[in-house]
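Residue strings, one per chain:
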Amino acid sequence: MSQLDTKCVNAIRVLSADAIQKANSGHPGLPLGAAPMAFTLWAKEMKHNPANPKWADRDRFILSGGHGSMLLYSLLHLFGYGLTLDDLKNFRQDGSLTPGHPEYGHTVGVEATTGPLGAGMGMAVGMAMAEANLAARFNKPDFPVVDHYTYVLGGDGCMMEGISSEAFSLAGTLKLGKLIVFYDSNKISIEGSTDIAFTENVQKRMEAFGFQTIEVADGNDMDAIAAAIKVAKADKTRPSFITVHTEIGYGCPAKQGKASAHGEPLGVDNVKALKENLGWPADQDFYVPAEVYDAVAQYKQQGAAAEEKWNALFAAYAEQYPEMAKLWEQMHAPVDAEALLNDEEFWAHGDKPDATRSSSGTMINRLKDKLPQLIGGSADLAPSNKTAMKDIADFAADCYAGRNLHFGVRELAMGAMANGIALHGGLMPYIATFFVFSDYVKPMMRLASLMKLPIIYVYTHDSIGVGEDGPTHEPIEQLASLRALPNFNVFRPADITETAAGWYLAVTSAETPTALVLSRQNLPQLPGSGKEALKGAYVVSPAQGEAKGIYIASGSEVSLAIEAQAELAKEGINVTVVSAPCLDIFEQQSEEYKNSVLPKNIRARVAVEAGGDLGWGKYVGLDGTTVTMSGFGASAPAGILQKKFGFTVENVVKAMKSVL
C-alpha cells in the first residue's frame, strides 16, 4: 500500500483518539489497532456507494465489537456517508449522530446496532443467509442481481461469547461462502491478557466449524490484508475467517499493547504523543489533510460506478424477466394490510377446539404463498411449534432457495440471525421455540426492538398447560418480562380468530417485533372473538345485564373466564369478560376505547392468566385481584395442574365474589 493509504489509516486513528478524548469517554484501543484492516476493506475490496447507503446489492459491514464505534464513525465521515467533523466532535453526547455504540436507523451507514459482544457475528450470519436465499431465487444466467458479501469485524470478546460459536457452527454447516469474518486478535481484554481466560486455538475452532481460515501476522500490513480478502473471496464453498494480529492502542507509546488502551481516553498528553508518533500535527485536533479526502473521493466514485453498473444490469433483468422483477418489488415492499384484512380465506375457521400453536401453523401455511418474502423456522422444534411451511423446500447448503430454516438447538444465535435477515432486506423472518426458552432469545429480541425490526417470534407451550414436562418447561415470568420491553408486542391469543389477528398484526407491523405466545393444549373457538382482537383487548363476552365486575384474561384462560361468567350469571351476578391478547396494542388505543372496554366505574376486576401477576395491578387496581401463578409449576398432567394452581371455574368464581 502507498504512503497515502497509510495517511488515510492514520487519519482514522487520530479522529478516533480526538473524539474519544473530547468526550472523555470511549474505547480507543480497537480503532487504533484495527484501522488498517478496516480501511483496506472499505477502500480496496468492499462494494458500497456512500451516495446510496441502501443500495440493495451493496456489501454489508458490521462492527461486532461495537465499543470501537469511533472506527466506524471515522470511516463513515471520510467516505462521505454524511457524518461531519462536528458530528465526530459530539461523540457520545445527547442527540448526536455518534452514540457510544453504533445504532441502526440512527446513523446513516450503520448496518446493525452492536455493543453486546458477539451479536454482530450472529447478525452477519443472518445477512449472509439472506443473500444466499435471494441469490438462489432471483439470479439468472448472466444476471447476478444478488451478488454481495457480508463482512463482520470483532475481537477477542466477540469470540469468547457463546453466540459466536452457535452462529458460526451453523454458518459452516450451510457453507455460506459470502461470509467473511475479521478477527481483530490483540490478546487484550479489559482485565488484562486474554490468557487469563481464553487460550484456545481459535483458528482450529473455526476450521472445525467448516470455515476457511486465513492468518495475517502484522495488522499494519495492508497488502497482506488485501491478499487475505482476495483468498477469502476465492473460496465459494466455505465462509472465511481472517485472523489479523494487531496491537491494541497502536501508535500511542504509553498505551500500545496495554489493557488500559481498551476502554478509556488516552489522555491529552498521550493523544499528543500518538500524533507525534504518527507524524501528525500535534497541535491540531480533528485534523484531516486534504489529500486524504481526495484519495477517499476516488473510492467513492468507484462505488457509484459499481451501483450504476448494477442499475443497468437490473433494468435489463427486469425487461427479460418481468415477473421476477415484479416479485422483487413485492418482496421489498410493505405487506398490503388492507387486502389481508379483507381476505376471507385468511380469516376463515371451523368450530372444532384447536391448540393455538396448531392455529398458528394454519396461518403460516395460509401466508406462505401470499407473502413470498416469509422465511422462518425453529430451534429444532418445528414439529412441536407447528412452524414448517408445507410444500416449501428447506434452506440448506444444497438448496439456498428454500424458505424453511433449521437453526438447530441454537436459540440465542437464531435470534441474532433473524435480526440479520430482517436487516438485509427483502425477507420477513419468523423464528420459534418453546416460550420458556424465549429467555435464551431475549438479548436479541431487545436488539430487534431497539432497531425497530418487525421480527416474528412463535413461542409455543405457553403455560403450566405443558404439564408433565414440569417447571423447567413451564413459563411463568416470561409474559411479564417481554411485556416490559419497549416497542415490543406480546400477543397471546385465545382461539384461531385471535391467532389470525396476531399474525395479521405481526406481518403488517412496520417497526415493532411481535411475540405470538401459543398454547400446547386444545382451546375452544369462542363465539364472541373477532377482529376486535386487533385492538389488543376487547369485550369477548358481554354481561347479560348491568355489569358488576370484569374478568380480564388472555390465551387459554379466556374460555375459563367465560365459564366462570356463566356460573355467576346463574346466581344473578352479571360480569363482563374481556379478552386481552395484547396489552401493548391495547395501550395504543384511544382513552375512549379503553374506557369502553374497561369502564373506570367498574372496580371489581379479576385478571386470569397462567403466568406471574406482575403488571396486572395496572388493570385490576387496588380493589381487584388476580388468579395467576406465584411459583414455578410442577410435573403432572395439565388438568391436574390447573386444579392444583387454582385455574378452575370454582376458584375463578370465588375470586370475583371476593372483590364484589
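Before any of the text, the structure's been laid out above.
For the structure given in this document, a descriptive report is provided here. Throughout, residues of each chain are indexed from 1 in the direction in which the sequence is written. This being a predicted model, a pLDDT of at least 70 is required before a residue's local features are given, and a value of 80 or more before pairs of side-chain atoms are given or counted; all residues contribute to the totals for chains, interfaces and linings. Each side-chain value is derived from all of the structure's non-hydrogen atoms; neither hydrogens nor water enter the calculation.

What about the sheet that holds strand β1 (residues 60-63)?
For step 1, the next point in the chain: Strands are treated as partners if at least two bridges between them are detected by DSSP. Put simply, DSSP H or I for four residues or longer makes a helix, DSSP E for two residues or longer makes a strand, and each gets a number counted from the N terminus. Spatially, the 5 strands line up as an open sheet ordered β1-β2-β3-β7-β6, and their pairing is parallel. Sheet topology places β1 and β6 (212-216) at the edges, where each strand pairs with a single neighbour. Between one strand axis and the next, the sheet turns by 20° as a mean value, whatever way the strands run.
For step 2, the next point in the chain: Examined bridge by bridge, strand β2 (residues 150-155) and strand β3 (residues 179-185) share 6 bridges and lie parallel to one another. Bridge assignment links Y151 to a residue of β3, and that residue is I180. Lines fitted to C-alpha atoms define the axes here, with helix axes fitted over just the stretch in contact, and angles between the N-to-C directions of these axes take values from 0 to 180 degrees.

As for the packing of aromatic side chains
For step 1, the next point in the chain: The aromatic pairing rule takes the rings of Phe, Tyr and Trp, using the six-membered ring of Trp, and pairs them if the centres are within 6.5 Å, calling planes under 30 degrees apart stacked, those over 60 edge-to-face and the rest tilted. Within the structure shown, the criterion is met by 31 aromatic pairs.
For step 2, the next point in the chain: Where F143 meets Y317, the ring centres are 5.9 Å apart and the plane angle is 55°; that geometry is what we call tilted. Residue F143 is found in the loop between α5 (119-138) and β2, and its partner Y317 is found in helix α11 (residues 290-320); the two are separated by 174 residues along the sequence.
For step 3, the next point in the chain: Y317 gets classed as buried once you look at its relative accessible area, which sits at 0%.
For step 4, the next point in the chain: To sit over a ring, a charge needs its Lys NZ or Arg CZ within 6 Å of the ring centre and within 35 degrees of the ring normal. Residue placement shows K178 over the ring face of Y149; its charged tip is 5.4 Å from the ring centre.
For step 5, the next point in the chain: Looking at K233, its charged tip hangs above the ring of Y149, at a distance of 5.4 Å from the centre. Relative accessible area decides the class of each residue, using a 1.4 Å probe on protein chains only: under 20% of the type maximum gives buried, over 50% gives exposed, and in between gives partly exposed.

Notes on the packing of helix α2 (residues 29-45) against helix α3 (residues 69-78)
For step 1, the next point in the chain: Across the interface, α2 lies against α3 with an axial gap of 9 Å and an inter-helix angle of 40°. Between α2 and α3, the interaxial angle falls into the category oblique. Remark: the crossing between α2 and α3 carries right-handed chirality. Between α2, through L30, P31, A34, A35, A38, F39 and W42, and α3, the contact on the second element is made entirely by M70, L71, L72, L75 and L76.
For step 2, the next point in the chain: Asp, Glu, Lys and Arg are counted as charged, while Ala, Val, Leu, Ile, Met, Phe, Trp, Tyr, Cys and Pro are counted as nonpolar; the rest, among them Gly, fall into the polar class. For the contact of α2 with α3, the residue count by class is 12 nonpolar, no polar and no charged. Orientation labels follow simple angle bins: below 35 degrees gives roughly parallel, above 145 gives roughly antiparallel, 65 to 115 gives roughly perpendicular, and whatever is left gives oblique. By definition, any crossing whose near helix is turned counterclockwise from its far helix by less than a right angle is left-handed, and any crossing with a clockwise turn is right-handed. It only takes one pair of heavy atoms within 4.5 Å for two residues to be counted as in contact.

Let's talk about the pairing of strand β12 (residues 456-460)
For step 1, the next point in the chain: Here β12 lies mainly inside the structure; 5 of its 5 residues are buried.
For step 2, the next point in the chain: Burial along β12 is two-sided: the residues I456, V458 and T460 and Y457 and Y459 are all buried.
For step 3, the next point in the chain: Direction of pairing for strand β11 (residues 428-434) relative to β12: parallel, over a ladder of 5 bridges. If you follow F434 over to β12, its bridge partner there is T460.

Details of the environment of D495
For step 1, the next point in the chain: Along the chain, D495 falls in the loop between β13 (489-491) and α20 (496-508).
For step 2, the next point in the chain: Along the backbone, D495 and L274 are 221 residues apart, and their C-alpha atoms lie at a distance of 65 Å.
For step 3, the next point in the chain: With residues near it in sequence (within four places) discarded, D495 still touches T356, P524, Q525, L526 and S529.
For step 4, the next point in the chain: Within polar-contact distance, the side chain of D495 engages the backbone nitrogen of E498 at 3.0 Å.
For step 5, the next point in the chain: Of note is the side chain of D495, whose polar atom sits 3.0 Å from the backbone nitrogen of L526. Contacts described as polar in this section are N or O atom pairs within 3.5 Å, which, within protein, must combine one atom able to donate a hydrogen with one able to accept it, while residues neighboring in sequence count only if both atoms come from side chains.

A few points about the layout of surface pockets
For step 1, the next point in the chain: With a 1 Å grid laid over protein atoms only, a set of points is called a cavity when a 1.4 Å probe fits there but cannot get out and a pocket when it is open yet has protein on both sides within 12 Å along at least five of seven lines; lining residues have an atom within 4 Å of a point. Grid points are joined across faces, edges and corners, and a volume is the space filled by probe spheres set on the points. Approximately 730 Å³ is the volume found for the largest pocket.
For step 2, the next point in the chain: Looking at the largest pocket, it is lined by 33 residues, and the ones nearest its centre are H332, A422, G425, G426 and L427.
For step 3, the next point in the chain: Among the secondary structure elements, those contributing two or more residues to the lining of the largest pocket are α12 (322-331), α17 (411-424), β11 and α20.
For step 4, the next point in the chain: When its volume is computed, the second largest pocket comes out at roughly 330 Å³.

Digging into the environment of G115
For step 1, the next point in the chain: Note that G115 resides in the loop between α4 (85-89) and α5.
For step 2, the next point in the chain: Separated by 194 residues in sequence, G115 and K309 place their C-alpha atoms 35 Å apart.
For step 3, the next point in the chain: Dropping the residues within four chain positions of it, G115 is found in contact with S64, G66 and H101.

Description of the side chain of T113
For step 1, the next point in the chain: Structurally, T113 can be placed in the loop between α4 and α5.
For step 2, the next point in the chain: In this structure the side chain of T113 is engaged in a polar contact, spanning 2.8 Å, whose partner is the backbone nitrogen of Y104.
For step 3, the next point in the chain: In this structure T113 touches P102, E103, Y104, M123, L447 and M451, once residues within four positions along its chain are discounted.

Quick look at empty space enclosed by the protein
It is the rolling of a water-molecule-sized probe over the atoms that shows where space remains empty.
For step 1, the next point in the chain: Going through the model one piece at a time under the given rule, you end up with 2 cavities of 30 Å³ or more.
For step 2, the next point in the chain: What the largest cavity holds in volume is close to 80 Å³.
For step 3, the next point in the chain: Lining of the largest cavity is provided by W42, M46, H48, P53, R58, D59, F61, Y81, G109 and E111.
For step 4, the next point in the chain: When its residues are assigned to classes, the lining of the largest cavity shows 5 nonpolar, 2 polar and 3 charged.
For step 5, the next point in the chain: In this structure, the second largest cavity encloses a volume near 40 Å³.

Here we look at the environment of T356
For step 1, the next point in the chain: Here T356 lies in helix α15 (residues 356-370).
For step 2, the next point in the chain: Among the residues examined, T356 registers a relative accessible area of 0% and is labelled buried.
For step 3, the next point in the chain: If we ignore the near neighbours within four places in the chain, the residues touching T356 are P493, A494, D495, T499, L518, S519, Q521 and L523.

A look at helix α1 (residues 3-23)
At 3.6 residues per turn, the α-helix brings residues three or four places apart onto the same side.
For step 1, the next point in the chain: The span one expects for a helix is its residue count, reduced by one, times 1.5 Å. Between the first and last C-alpha of α1 there are 30 Å, a value that for 21 residues agrees with the 30 Å anticipated at 1.5 Å per step.
For step 2, the next point in the chain: Among the 21 residues that make up α1, 16 are buried, leaving the element largely enclosed by the rest of the structure.
For step 3, the next point in the chain: Immediately downstream of α1, the backbone of N24 shows phi near 55°, a positive value.

Some thoughts on the sheet that holds strand β20 (residues 625-627)
For step 1, the next point in the chain: Strand order in the open sheet formed by 5 strands is β16-β18-β17-β19-β20, with mixed pairing between adjacent strands. Of all the strands in the sheet, the pair left with one neighbour each is β16 (538-541) and β20. Averaged over neighbouring strand pairs, the angle between their axes works out to 30° when direction is ignored.
For step 2, the next point in the chain: By the bridge criterion, 4 bridges tie strand β17 (residues 549-553) to strand β19 (residues 605-608) in an arrangement that is parallel. Among the inter-strand pairings, Y551 is bridged to a residue of β19, identified as V606.
For step 3, the next point in the chain: Taken strand by strand, helix α21 (residues 557-570) contacts β16, β17, β18 (575-579) and β19, and its axis lies near 175° from that of β18.

Quick notes on the side chain of H461
For step 1, the next point in the chain: In this structure, H461 sits in the loop between β12 and α19 (478-483).
For step 2, the next point in the chain: Judged by relative accessible area, which is 5%, H461 ranks as buried.
For step 3, the next point in the chain: Not counting residues within four places of it along the chain, the set of residues in contact with H461 comprises R357, S384, F434, F435, V466, H473, P475, L518, S519 and R520.

Focus on the pairing of β19
For step 1, the next point in the chain: Here β19 shows a buried face lined by R605 and A607 and a second buried face lined by V606 and V608.
For step 2, the next point in the chain: Pairing geometry for β19 and β20, over 3 bridges, is parallel. Across the sheet, the residue bridging to A607 is T626, located in β20.

Coordinates in, geometry out; function isn't part of it.
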